[in-house]
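What follows is the residue order along each chain.
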Amino acid sequence: MDFKRVAIVGADCISVSIALGLKAQKEPAEIIGYDAKAVAADMARAQGAFDRVEREPGRACRGADLVIVAVPLPAIRETFVAIAPHLQPGCLVTDTARLKAPVLHWAKELLPESVFFIGGHPVLNPAIVGSDPLEGLEKASADLLRGALYCFTTPTGTSGAAIDASAGLAQALEAHPFFVDVTEHDGLQAGVEGLPDLLAIALLQATVDTPGWQEMRKFAGFRFATATEAANDARERCTAIFLNRENILRRLNALLGELVRLRDLLTQDDAELLEEIFVATAEGRARWLKEQEQGMWIKERATNTGHIPTAGEQIRQMFLGDIATRRKRGADRSRKE
C-alpha cells in the first residue's frame, strides 16, 4: 500500500477506524475528511483520524490517490455526483456499503473512466469486537478492523494494480482481503440483512396499533424490542431491500415456506415435530454463535486475489455440505437405534 493522500467522505465508526489505522502506519498518509454533519468530521479530527477537514466532499477528494466513500446507501449516488469532477486520474475509489451491485452500477455511470472503483465491505471479526452493533465515533479505533473480513467486489476489467492496492489497504489494517463476486455478495446479504429487516417490519405491522395493542404493549419488553430493532434506520434499510429485491424475493419465498410449515404443524397439533424443529434450529444457532466467537470464517475465506468464487460454486458448497451433514445425522441415528 502506497497512498500519499486519502480522502474519507463520511465519518462513521468504520471509516474513522480505517483512518486511524492508516495514521498508525510507519509512513502515514495525509488524510482529509468530510461529513455532512460538520461536528462528526471535527470530532474525527480531534481523535487524530483526519489531518484536515473540508466542508465540501469534492474539495476533500482533490489530489487524493485513495477515496473512501462511507455514507449511507441512499446518499452514495449523489456523493458520486459531487466528487466525480474532483477526482484525479488514476486514483482508487472504494466504499463501505453493505450492498454492492447498485454501488458498482452508480460508479460505472457517474465516476470518470480515468479512476478505478472497487466496492468494499468490511465485516468486523466478532471474535475481537463482539456481536453488539458499533455506533458512535467513540468506538472507533486503529485496530477495529484487525482480523476483519474485508470484502471487495471488482468490476470487469479492473487492473491488477488496483486490486493489489485494495488488498494492501486491507492488509495494512490487519484485515483479510476477500475478493468476491458481486452477485454472490448481495445474494448472501439478502439472507442475513434483508430478511431480518423484513421480519421486523412484518412483526410491527402485525402488532403495533392493531386491535389489542393497547393491552399487548404492556407485555412488550426486551424480546420484542430486540426482534424489531432492525426497523431502525428505516430509509436506508428500505433502500437496501428494494435495490436487492431479486435476491430478497428468493430468500423471502423460502421464509414464507417455513412459516407455512410451522403454521401447519400448529394446526395439526403436531407438538413432537414442532419441538424437533425448535431443537434443531437452536442447535444450528448455537453452532453459528460458537463459530462467530472464534472468527472461524477467516480460515475459510483466506486471501485469494487469483480466483473469485462464483455464486454457483458457493451454492454447491453450501448444498453439498448440507447433504453431508444430514447423512451424518442419519447415520448417527441409525447407530443409536
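Everything below is about the structure printed above this text.
Anyway, here's the lowdown on the structure attached to this text.

Rules used in this analysis
Residues numbered from 1 in each chain as written. Predicted model: local features only at pLDDT ≥ 70, side-chain atom pairs only at ≥ 80, totals over all residues. Heavy atoms only, no water. 1 Å grid on protein atoms, 1.4 Å probe; cavity = no way out; pocket = protein on both sides within 12 Å on 5 of 7 lines; lining within 4 Å. Points joined across faces, edges and corners; volume = space filled by probe spheres on them. Helix = DSSP H or I, 4+ residues; strand = E, 2+ residues; numbered from the N terminus. Nonpolar A, V, L, I, M, F, W, Y, C, P; charged D, E, K, R; others polar. Phe/Tyr/Trp six-rings, centres within 6.5 Å; stacked < 30°, edge-to-face > 60°. Buried < 20%, exposed > 50% of the residue type's maximum accessible area, 1.4 Å probe, protein only. Lys NZ or Arg CZ within 6 Å of the ring centre and 35° of its normal. Disulfide = S-S within 2.5 Å. Core = buried A, V, L, I, M, F, W, Y, C linked by side-chain atoms within 4.5 Å. Contact = heavy atoms within 4.5 Å. Axes fitted to C-alpha atoms, helices over the stretch in contact; angles between N-to-C directions. Left-handed = near helix turned anticlockwise from the far one by under 90°. Parallel < 35°, antiparallel > 145°, perpendicular 65-115°, else oblique. Pairing = 2+ DSSP bridges.

## Observations concerning the layout of surface pockets
Right, so step 1: Size it by volume and the second largest pocket reaches roughly 440 Å³.
Right, so step 2: Along its surface, the second largest pocket is lined by 17 residues, and Leu104, Ala107, Lys108, Phe117 and Pro155 are the ones closest to its centre.
Right, so step 3: Counting only elements with at least two residues in the lining of the second largest pocket, the list comes to α5 (101-110) and β6 (116-123).
Right, so step 4: At five residues, the largest contribution of residues to the lining of the second largest pocket is made by α5.
Right, so step 5: Within the lining of the second largest pocket, the residues separate by chemical class into 10 nonpolar, five polar and two charged.

## Some remarks on unusual backbone geometry
Negative phi values dominate among residues other than glycine, just as trans dominates among peptide bonds.
Right, so step 1: The backbone of glutamate 174 shows a phi angle near 65 degrees, a positive value even though the residue is not glycine.
Right, so step 2: Looking at the element boundaries, glutamate 174 is found in the loop between α7 (160-172) and β8 (176-179).
Right, so step 3: Positioned with a positive phi, aspartate 269 is a non-glycine residue whose angle comes to about 55 degrees.
Right, so step 4: Inspection of the secondary structure assignment puts aspartate 269 in the loop between α12 (245-267) and α13 (271-294).

## Here's the deal with the packing of aromatic side chains
Right, so step 1: Overall, the coordinates contain four aromatic pairs when judged by the stated rule.
Right, so step 2: Ring geometry for tyrosine 150 against phenylalanine 152: centres 4.6 Å apart, planes inclined by 10 degrees, an arrangement best described as stacked.
Right, so step 3: Overall, phenylalanine 152 belongs to the buried group, its relative accessible area being 1%.
Right, so step 4: Put simply, the rings of Tyr150, Phe152 and Phe179 touch in pairs and so form one group of aromatic residues.
Right, so step 5: One residue, arginine 245, lies across the ring of phenylalanine 242, its end atom 4.1 Å from the ring centre.

## A word on the state of the cysteines
Right, so step 1: All chains considered together, the criterion is met by zero disulfides.
Right, so step 2: Cysteine cysteine 91 remains unbridged, with the sulfur of cysteine 61 as its closest cysteine sulfur at 7.8 Å.

## Notes on the nonpolar core
Right, so step 1: Of all hydrophobic cores here, the largest spans 40 residues; its most connected members are Val6, Val16, Ile18, Phe50, Leu145 and Tyr150.
Right, so step 2: Sorting the residues of this core by element identifies β1 (5-9), α1 (13-23), α2 (38-46), β4 (66-69), β7 (149-153) and α7 as the ones contributing at least two each.
Right, so step 3: For this core, the element with the most residues is α1, which contributes seven residues.
Right, so step 4: Apart from the residues within four sequence positions on either side, valine 16 is in contact with Ala11, Ala44, Ala49, Leu137 and Ala140.
Right, so step 5: The next biggest cluster of nonpolar side chains, apart from the first, holds 28 residues, and it includes Ala64, Ile83, Ala84 and Cys91.

## As for the packing of α12 against α13
Helix-helix packing is characterised by the crossing angle of the two axes and by the distance between the axes.
Right, so step 1: Contact geometry for α12 and α13: axes closest at 8 Å, N-to-C directions at 145 degrees. Crossing geometry of α12 relative to α13 is assigned as left-handed. Contact residues: α12 offers Arg261, Leu262, Leu265 and Leu266, while α13 offers Leu273, Leu274 and Ile277.
Right, so step 2: A class-by-class count of the residues in the contact of α12 with α13 yields six nonpolar, no polar and one charged.

## Thoughts on the packing of helix α4 (residues 73-83) against α5
Right, so step 1: Between α4 and α5, the shortest axis-to-axis distance is 9 Å and the interhelical angle comes to 15 degrees. Comparing their axes, α5 and α4 come out roughly parallel. α4 and α5 meet at a crossing whose hand is right-handed. Of the residues in α5, those in contact with Leu73, Ile76, Arg77, Phe80 and Val81 of α4 are Val103, Trp106, Ala107, Glu109 and Leu110.
Right, so step 2: Taken together, the residues of the contact of α4 with α5 sort by class into eight nonpolar, no polar and two charged.

## A few points about the sheet that holds β1
In a beta sheet, neighbouring strands are held together by backbone hydrogen bonds and run either parallel or antiparallel to one another.
Right, so step 1: Read from one edge to the other, the open sheet built from eight strands follows the order β3-β2-β1-β4-β5-β6-β7-β8, with strand pairing classed as mixed. Each edge of the open sheet is held by one strand with a lone partner, namely β3 (52-53) and β8.
Right, so step 2: In this sheet, β4 lies alongside β1 in parallel orientation, the contact comprising four bridges. In the sheet register, valine 9 faces β4, and the bridge partner there is valine 69.
Right, so step 3: Relative to the sheet, α1 contacts β1, β2 (30-34), β4, β6 and β7, its axis offset from that of β2 by approximately 165 degrees.

## Digging into the side chain of threonine 228
Right, so step 1: Along the chain, the position of threonine 228 falls in the loop between α10 (222-227) and α11 (234-243).
Right, so step 2: Look at threonine 228 and you get buried, because its relative accessible area is 10%.
Right, so step 3: Setting aside residues no more than four positions away along its own chain, threonine 228 makes contact with Ala200, Leu203 and Leu204.

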